[in-house]
Structures are given as structure tokens and as C-alpha cells.
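# Report on the structure
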Amino acid sequence: MSWSNLSVHGLEELGEPPSTLPTVGTNLTDLKLKKKKVTLRELGGCMGPIWPSYFKDCSSVIFMVDSANIAQISASCIQLLSVLSAEPLHNASVLILFNKRDMPCTMSLIEIKSLFRMDDIIASATQPITTQELSARSGQGLQEVLSWLESITVK
């Protein structure tokens, strides 16, 4: 349903969706999942060169791909392979999120997984890997991310 159709159905006009910005730097967020505190460290893609300095204390990885930015897909894949090959992360649980699935310019999930060669990556990785579609802006898929986090923190 488009933004303008919402007003036709009696809801307020929402206007344009808010813009999103890539993460620059690092953000820390504490979550409480099943009475266990989990700290999420968000590292922006531009911080890739220093990511390894955070791997030692990492038990899981959520790797987010901007699936609307076709020009960055190959760079994202290279960064993912670097993360998966890092010795401290060989046993980490990995969730790969294909974000911005609500955008009209995104490829299908089959197309983006094919470009990433996800089947080959999953087959050769030492880590358990889960993939999921997401729209961080609309919230689609966020509950599944929390469920994944809960499932790995119970271990």
C-alpha cells in the first residue's frame, strides 16, 4: 500500500518516509533478553578496517547488507568473507540481514543471495549462518532478529 493510499482509507497522510543514514562510528546498545543482558556493538561499514579489534569478545555477529545499494553489494560480500574467515569468530553464530526490503529498487532475495553466493558461503563457513530479510525502517523482520538473539543467548 502506498503512502497516499493510506489517507484514502481514513488514516492521516504520512508524507515521505524518513531518510536513513549509514552508521558512522560505533554505537552500543544493551538489551535484556530472557533476563540476560546482551550488549550490541554496531560498527559502521566504513569502520571495516578496525572491526577485527572487536572480534575477541564477540560471541555472535549480525551482518547487515544494504540490499538497495547495488553498487556496494560486492564490497559487502568481501567484508562478510573477511568476518567469516577471522579466527576469533570461527564459532560465532552469524545472522546476515538483507535490509531495506521495503524499497522498490531492491533485488529479489533469490537474486541477492545468488550475487553473494550464499549457498557456497554457508557450505564452507565454520559458523552456523542464518539469513533473513529486514526493513529496519518499517520494522518488518525485527521480531525475528530478537527471536534469533534470544535463541543464541540461551545456549
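In case you missed it, the structure is sitting above this.
Residues numbered from 1 in each chain as written. Predicted model: local features only at pLDDT ≥ 70, side-chain atom pairs only at ≥ 80, totals over all residues. Heavy atoms only, no water.

## Remarks on the overall build of the chain
- Across its full length, the chain holds 5 helices and 5 strands.
- Going residue by residue from the N terminus, the α and β elements of the chain occur as α-β-β-β-α-β-α-α-β-α.
- Within the chain, the fraction of its 155 residues that count as buried is 30%.
- For the chain, the proportion of contacts with a sequence separation of at least 24, taken over those separated by at least 6, is 60%.
- As displayed, the chain has an accessible area near 9,900 Å², and 56% of this comes from carbon and sulfur atoms. (Helix = DSSP H or I, 4+ residues; strand = E, 2+ residues; numbered from the N terminus. Buried < 20%, exposed > 50% of the residue type's maximum accessible area, 1.4 Å probe, protein only. Contact = heavy atoms within 4.5 Å. Areas by Shrake-Rupley, 256 points an atom, 1.4 Å probe, with all protein chains shown as cover.)

## Overview of helix H5 (residues 142-153)
- An ideal rise of 1.5 Å per residue puts 16 Å on 12 residues; H5 measures up with 17 Å between its terminal C-alpha atoms.
- Among the residues of H5, those classed as buried are Val145, Trp148, Leu149, Ile152 and Thr153. Looking straight down H5, one finds that the buried residues subtend no more than 125 degrees of arc, so they occupy a single side. (Expected span 1.5 Å × (residues − 1). Arc of directions from axis to C-beta.)

## Some points on the sheet that holds strand S3 (residues 60-66)
- Taken in spatial order, the 3 strands make up an open sheet running S3-S4-S5, and their pairing is parallel. Looking at which strands have only one partner, the edges of the open sheet turn out to be S3 and strand S5 (129-133). The average angle at which neighbouring strand axes cross in this sheet is 20 degrees, direction not considered.
- Each of S3, strand S4 (93-99) and S5 touches helix H2 (residues 73-85); the most contacted strand, S3, lies at about 170 degrees to it. (Pairing = 2+ DSSP bridges. Axes fitted to C-alpha atoms, helices over the stretch in contact; angles between N-to-C directions.)

## Quick look at the nonpolar core
- Of all hydrophobic cores here, the largest spans 23 residues; its most connected members are Phe63, Val65, Leu80, Ile96, Phe116 and Met118.
- Elements that contribute at least two residues to this core include exactly S3, H2, S4, helix H3 (109-116) and helix H4 (118-124).
- Methionine 118 has contacts with Leu80, Ile96, Phe98, Lys113, Ile129 and Thr131, leaving out every residue within four places of it along the chain.
- Judged by nonpolar contacts, the second largest core, of 9 residues, contains Leu33, Val38, Leu134 and Ile152. (Core = buried A, V, L, I, M, F, W, Y, C linked by side-chain atoms within 4.5 Å.)

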